[in-house]
Amino acid sequence: ETGVTQSPTHLIKTRGQQVTLRCSSQSGHNTVSWYQQALGQGPQFIFQYYREEENGRGNFPPRFSGLQFPNYSSELNVNALELDDSALYLCASSPANTEAFFGQGTRLTVV
Amino acid sequence: AQSVTQLGSHVSVSEGALVLLRCNYSSSVPPYLFWYVQYPNQGLQLLLKYTTGATLVKGINGFEAEFKKSETSFHLTKPSAHMSDAAEYFCAVSRANSGTYKYIFGTGTRLKVLA
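Here we summarise the structure given alongside this text. On a predicted model such as this, the values are computed, not experimentally measured, just so you know.

Examining the sheet that holds strand S8 (residues 73-78) of chain B
All names here are of chain B.
Reasoning step 1: On the basis of which strands lie adjacent, the open sheet formed by 5 strands has the order S1-S3-S8-S7-S6 and antiparallel pairing. The sheet is open, and its two edges are formed by strand S1 (3-7) and strand S6 (56-58), each paired on a single side. Ignoring which end each strand starts from, the neighbouring axes of this sheet average 20° apart.
Reasoning step 2: In terms of strand pairing, strand S7 (residues 64-68) meets S8 through 5 bridges, oriented antiparallel. Each bridged residue has a counterpart across the sheet, and for Lys68 the counterpart in S8 is Ser73.

Re the pairing of strand S11 (residues 106-110) of chain A
Residue and element names in this part refer to chain A.
Reasoning step 1: Side chains Thr106, Leu108 and Val110 of S11 all project onto a buried face; the interleaved residues Arg107 and Thr109 project onto a face where none is buried.
Reasoning step 2: Here strand S9 (residues 87-94) runs beside S11; their pairing, made up of 3 bridges, is antiparallel. Directly across from Ala87, in S11, lies its bridge partner Leu108.

Let's talk about the side chain of Ser33 of chain A
Reasoning step 1: Its place among the elements puts Ser33 of chain A in strand S4 (residues 31-37).
Reasoning step 2: Polar side-chain contacts of Ser33 of chain A include one of 3.0 Å to the side chain of Gln48 of chain A.
Reasoning step 3: Apart from the residues within four sequence positions on either side, Ser33 of chain A is in contact with Phe45, Phe47, Gln48, Leu90, Cys91 and Ala92 of chain A together with Tyr101 of chain B.

A closer look at the sheet that holds strand S8 (residues 74-78) of chain A
Residue and element names in this part refer to chain A.
Reasoning step 1: The strand order S1-S3-S8-S7 describes an open sheet built from 4 strands, whose pairing is antiparallel. Two strands close off the open sheet at either side, each with one partner strand: strand S1 (5-7) and strand S7 (64-68). Neighbour to neighbour, the strand axes of the sheet diverge by 20° on average, direction disregarded.
Reasoning step 2: The pairing of strand S3 (residues 19-24) with S8 spans 5 bridges and is classified as antiparallel. Across the sheet, Val19 pairs through a bridge with Val78, a residue of S8.

Procedures and definitions
Residues numbered from 1 in each chain as written. Chains lettered and ligands numbered in written order. Predicted model: local features only at pLDDT ≥ 70, side-chain atom pairs only at ≥ 80, totals over all residues. Heavy atoms only, no water. Pairing = 2+ DSSP bridges. Helix = DSSP H or I, 4+ residues; strand = E, 2+ residues; numbered from the N terminus. Axes fitted to C-alpha atoms, helices over the stretch in contact; angles between N-to-C directions. Buried < 20%, exposed > 50% of the residue type's maximum accessible area, 1.4 Å probe, protein only. Polar contact = N/O pair within 3.5 Å; in protein donor to acceptor, adjacent residues only side chain to side chain. Contact = heavy atoms within 4.5 Å.

Now the structure itself:
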């Protein structure tokens, strides 16, 4: 149990719709990162937030956006969903200068 | 740029046998290296990490890994496999001294343990 919780655990969306995924980070962790894990692949870095500011972004289009709130929880928003967006989305939180702790993920299916 | 290569997408071992999962990395800067395990329908759990210091690192559940700079490798081993070790294993690299860790993961190795 890492203390990082994600919601919802599963959801199904239609192509073209928008989705918001949520992450509650572990207490005291000021950094949140999001990763996309397609079936049979390793997680791919989407972006990271540090103290409410974006602190690095992977090779994902602008329709992937995020927020970090003052309590360090975070949201991942995806607009104009595509079939290839179907994946497990992982949130990871950490204090500075140490490894990340992952939540159990949100399984998104786009139909 | 950094990258990670995991040789063998599937590895099968008998219960009680040696587990060896291979990971090679590429990095133009000193790397931090990690092994994570993922059980079905779950997130990632840290097994062990190398940042600085001793190149042989010990992790949870009897796993260990050795950082070999000359071979750019960070292979994961366990002397005796247990049925509960069946899972997907991911090697990851992050930049050292970046302040916050942004992982680059390999494609994973699925470990099967045979009774």
